[in-house]
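Chain residues, written in single-letter form:
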Amino acid sequence: MYATTYAKAKDVADAVSQLKGADEGKLLAGGQTLIPTLKQRLASSDCLIDLSDAGLSGISDEGGSIRIGAMTRHVEVETSEMVKKAIPALAALASGIGDRQVRNCGTIGGSVANNDPSACYPSALLALGATVHTDRRDIAAGDYFTGMFETALDEDEVITAVSFPKPEAASYVKFPNPASRYAMVGVFVAKTSSGVAVAVTGAGQDGVFRHGGLEAALNSSFSAESIDSVAVDDSVLMSDMHASADYRAHLITQMTKRAVAAC
Amino acid sequence: MPEGTMNQGIGASVRRKEDKKFITGKGRYTDDINRNGQLYAYFIRSDVAHANIKNINVNAAAKCEGVVAVYTGEDIAADGIGGPICGWTPTNRDGSAPKEPPHPLLAVGKVRYVGDHIAVVIAESLEAAQAASEKIVIDLDNLPAVVDPATAIGNTQIHDEMDDNVYFDWELGDETATADALGGADKVIELTVTNNRVIPNAIEPRAAVAEYDEIEDRYTLYTSSQNPHLTRLVMAAFMMQIPESKLHVVAPDVGGGFGSKIYIYPEEAVCTWAAKKLRKPVKWTADRTQAFLGDAHGRDHVNKVKLGLDKNNKIVGLRVDTIANLGAYLSAFSMVTPTYLHGTLLSGCYDIPAIYTNVKGVCTTTVNVDAYRGAGRPEATYLLERTMDYAARQIGMDPAEFRRINFIPKDAFPYQTAVALQYDIGDYEPALDKAMEMIDYANFGSRQAEAAKRGKYRGIGLSSYIEACGIAPSAVVGTLGARVGLYESAVVRVDPTGTISVFTGAHSHGQGHDTTFAQIVADKLGVPIDSIDIVHGDTDRIPFGMGTYGSRSLAVGGTAISKAVDKVIEKGKIIAAHMMEAAETDLEFKDGKFTVAGTDKEKSFGEIALSAYVPHNFPHDRLEPGLEETAFYDPLNFTYPAGTHICEVEIDPATGVVDIVDWAACDDFGNLINPMIVEGQVHGGIAQGVGQALLENAHYNEDGQLLTASYMDYCMPRADNLPSLKIDYTVTACTHNDLGVKGCGEAGAIASPPAVINAIVDALSVVGVTDMSMPATTEKIWRAINDATAKAAE
Amino acid sequence: MALVKMTVNGQAVEYDVPDNTLLVSFIRETLELTGTHVGCDTSQCGACVVHVDGQSVKACTMLAAQAAGSEITTIEGIANGDELHPMQKAFHENHGLQCGYCTPGMVMSAIELVEKNKGLTEQQIREGLEGNICRCTGYHNIVKSVQAAAQEMGG
Ligand SMILES: Cc1cc2nc3c(=O)[nH]c(=O)nc-3n(C[C@H](O)[C@H](O)[C@H](O)COP(=O)(O)OP(=O)(O)OC[C@H]3O[C@@H](n4cnc5c(N)ncnc54)[C@H](O)[C@@H]3O)c2cc1C
Ligand code: FES
Ligand code: FES
């Protein structure tokens, strides 16, 4: 790892001011993405700002939505009675992220900030129409994810929480990459008052995306069979040694069916 | 039995003596060792597959803070330091010698694979070394990569010494007789079988700590090695060119090897060389990426197989043409693995009158390929067992029955194969029967039907394997190009108080020698197992040894110990006879006591030990005092473990996911010293084989970049990829070693891959799939189902 | 430099280390507790698992400074004097280790798994060990060990 300094932020304002004061400052949440990257010298930072004492963790029921603080660990979401009751699919999603050690450390804020194209959470945000709260604004999930590892966040912007509207029903089904166990295809299906949303992670060349065709079919009939006729265009999907685009397209259909069946 | 010696001898599942240190965190692996004032080495590796080196500028790096030295290949060459050598070379079929292009420790003139060592930075901290390494400017002139073994021959030349990229072109067996047999066969089954390339991945990465003692003019190297004596021999004689006695090699606790820690790599040699140059200890520890890029890979064969059958479906002949990818450089066993350890096993457990094989070892711009758990035998077993299964399907015969009618009959032993080996003993049908019973083969049909109702394809696959263990004997391997002897040594030292130290040349890196070897001694001497210490892994303490690989430790190393113990008993008898004033011929030794037949006279083992060192009443006319014996054991033959593994899978056609739902293994390892340890070896071997068959693959792109260079992309089997395993045994005791043992370390890895693939093909046969390559990834399976269904619809 | 104070295996420790020191380096190099191992660079093998305030974490993926103020338990700290932890005993009894390199991380991970989950099935144990790679044992005896320890630990 390149040399760096480490400091804990007292609160969000402190984190922002430390970020502004550093050349290449980086927020440190659960470290499960950032530390491996730093360790392998794939990234460097002159200043790591630890958010663990910034008061950003915790889950609350806001009536129509569940608000999860940015520093809430995956394990907390996985085991939260509140989440399990209101959005069980979200607890289930969290329980399938990485392994126990990763879930003990990794945070929702870190995951959402990183927007790894194979990460699980982004699909939940998109399908549930979540809102990303930051130190300065609220960003609708639909506007937030802007490409692979790309988000609408400014350089020195800090995610404070994510709010998930409670759906009528939802389910996430992940087909893991056999090696990394991140999503090779992950499909989050949500049924809300405004219709069905299908968000796909792990597969898109531009990261997480919603699939209009699948949504249309499910809006007309919410059943696994109804998507048999939907063609999933593989030209926008990733193709790599783990899975070609056409296989990913096939898996999107299969995972969607499973998610619908589990809703 | 004397007190404290119950349930500890041969055949008992004694809990391992070595466990305590490991479960309490007190193991001592190489990276746990630190020397005062040590420096850290960091190697700069090539990031391209093939290039001429135009210039290396180390000036900026050398000036970095904390940097003590930066060396390149020129510095190594200037000191006349040699590179790794090949320990066993076959002869080409035209009688010429194979090509052995040099392998400089640090590249000279050219780099030949991604990961090739270009330079080393030695600094006061690893961070400083790594930081400085980024300042080295390397000017390369890229050349085309050569990745695919099938097209390597005659492709872009990689070594000046080798114009066609062929290291060797070797044959075994009778080509004409085989051609005749195939020509006269009722049917000839043809199949191309590819054995994918895998990466060993011992969880402890390789490491080395080297130091130089100026006063004694002597080096000490701590290294994560399977065979410290071989390391000492090669490093002293071929690399450093120093007297062997000036190099002390210690392989402390070693976190797995699987073949990859047999070889002597550039890193440990460079550290040793630099330790003297800099007069400071030098430490190097690989990270996982370096392990992927630098440790020898395994397998990587393409075979064209022809199997001839007569009208009764008995095999009449077999021809196998193999291209083996050996990578950019040769290493210790890279040439013997695809030849003598592979071609000689092509008869499997079958009676095959005519066999011929041609193997071409080719050079590519990839990391070197060498023995990996099983070394040659998994390759032979895979192609043979895939072909057997394929053939059974072609002729419409049950695969178990087809194997059965072709097994070497029980009364045919010793059996001379058509490919040089003579199997001393075996009985293959009982293992097949038992395995079939264990997995309830008879009722497979109903399980398959039940799975079909759930929309799953269920399949069952067999693999009846044989292997040759205990690499030996020296006289034979010598005529076949081996440059070392393959015996093992043991010293059994009895202390005056009757405690025992056993010094063995074998090395344990997970196999449990401390326990198994102690059991042999405890059993033979009737002393408590806790009074026995097994010492290994240190060239200063052990006279000599060839290390641990090829499932040889017990059959060869264990037998050497047994023989040394026999000598101790013989000497003890002479002492006891003298003390009890009896005739030696009347002396018996049993349960730790020397007794005189027909009398109640007895002396305990401890009393005899004491009198050997306090020789007041002692046969001085016949013996020297002391009680320490050495034995070198050079076996007469290989040992031949064999057996049948059966795998049952269920496939989800919607995704291509394969679930291994059951596994039955019945192996014949001869006598078992510690069944618990044996079973553990089988489990581990099966997991590696399942990994190769379903998950693992070293993937190079056409530019020669290794795309699977971390666990993010190289798929290691994890606990949830595997089922619980059913293991049982049959026993035919090896006829030519004292213990009747055969070896069990590799069988699981040898038997398992074809069992998995045969099960998958069986499952998919409902849609018309006839073949599947390794690893059988979910995508491949999905595609095979699609393609077969589309074909059927045509 | 950061002044890192924490409790390791019940003992208070305090060292000045560079800010970028990983917890695993702090444990292995500064404290010379070499039972915690390193087997990968991508946070996947689990050879480095320790407990931080009762939670299993990968010590290679945490800075020492992040763990400041915490209670750390490593493989060296789970036995009670000469009395082995039930998980250690179970690994020994069931031959749950071969080369021993993955073992410390495996044991630490398994302890948390059993402590936090009652009535684990074989499949749940297999899935619960997802973050630990073993190349030697084929996991069969590791699973058996965890089952045996779970019995002992009242799981
Ligand atoms: C072995 C392994 C397996 C994994 N498997 C999965 C998986 O299956 N599915 C999955 O989704 N993920 C997986 N992950 C990733 C894991 O979920 C990470 O925890 C997550 O992606 C990053 O969260 P973190 O809290 O660790 O963030 P960190 O690593 O600390 O930070 C990640 C990035 O986000 C930034 N950041 C962090 N917090 C904030 C904030 N509040 N505001 C703005 N920027 C911020 C950081 O500066 C950094 O750039 C895996 C990780 C590992 C190591
Ligand atoms: S060392 Fe591999 S996960 Fe920590
Ligand atoms: S015991 Fe060797 S890696 Fe697990």
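Please refer to the structure placed before this passage.
Not measured: the values here are computed from a predicted model.

Draft legend 1. Expanded view of the sheet that holds strand β4 (residues 55-58) of chain C. All names here are of chain C. Overall, mixed pairing links the five strands, which are arranged β2-β1-β5-β3-β4 in an open sheet. The open sheet has two edge strands with one neighbour each: β2 (11-17) and β4. On average, each strand axis in the sheet is inclined to that of its neighbour by 40 degrees, with strand direction left out of account. Relative to β2, helix α1 (residues 23-30) is tilted by about 105 degrees, and along the sheet it contacts β1 (2-8), β2, β3 (49-52) and β5 (71-73). Docked against the sheet, helix α3 (residues 103-116) engages β3, β4 and β5, running at close to 45 degrees with respect to β3.

Draft legend 2. Main features of the interface of chain B and chain C. Every contact between the two is made by 53 residues of chain B and, on the other side, 42 residues of chain C. Between chain B and chain C, a total of about 4,100 Å² is buried, with carbon and sulfur atoms accounting for 55% of that surface. It is Ile23, Ile203 and Arg718 of chain B in chain B that bury the most area against chain C; as a group they hold 18% of the surface buried on that side. At the junction of chain B with chain C, the criterion picks out four salt bridges. The partner of Glu93 of chain C in a salt bridge is Arg15 of chain B, with the nearest N and O atoms 3.1 Å apart.

Draft legend 3. Representation of the site of ligand 1 in the model. Surrounding ligand 1, one finds 31 residues, the nearest of these being Leu27, Gly31, Leu34, Thr107 and Cys120 of chain A. Nearby residues place ligand 1 at the junction of chains A and C. Within the backbone of Gly98 of chain A, a nitrogen or oxygen atom sits 3.1 Å from an oxygen atom of ligand 1. One of the backbone nitrogen or oxygen atoms of Cys120 of chain A is found 2.7 Å away from an oxygen atom of ligand 1. When ligand 1 sits alone it has 960 Å² of accessible area, and the protein chains cover 94% of it. If you list the elements that add at least two residues to the shell around ligand 1, you get β2 (25-28) and α7 (108-114) of chain A. At four residues, the largest contribution of residues to the shell around ligand 1 is made by α7 of chain A. Looking at the shell around ligand 1 residue by residue, the class counts come to 14 nonpolar, 14 polar and three charged.

Definitions and cut-offs
- Residues numbered from 1 in each chain as written.
- Chains lettered and ligands numbered in written order.
- Predicted model: local features only at pLDDT ≥ 70, side-chain atom pairs only at ≥ 80, totals over all residues.
- Heavy atoms only, no water.
- Pairing = 2+ DSSP bridges.
- Helix = DSSP H or I, 4+ residues; strand = E, 2+ residues; numbered from the N terminus.
- Axes fitted to C-alpha atoms, helices over the stretch in contact; angles between N-to-C directions.
- Contact = heavy atoms within 4.5 Å.
- Buried area = accessible area lost by both parts, 1.4 Å probe.
- Salt bridge = Lys/Arg side-chain N within 4 Å of Asp/Glu carboxyl O.
- Near = heavy atom within 4 Å.
- Polar contact = N/O pair within 3.5 Å; in protein donor to acceptor, adjacent residues only side chain to side chain.
- Areas by Shrake-Rupley, 256 points an atom, 1.4 Å probe, with all protein chains shown as cover.
- Nonpolar A, V, L, I, M, F, W, Y, C, P; charged D, E, K, R; others polar.

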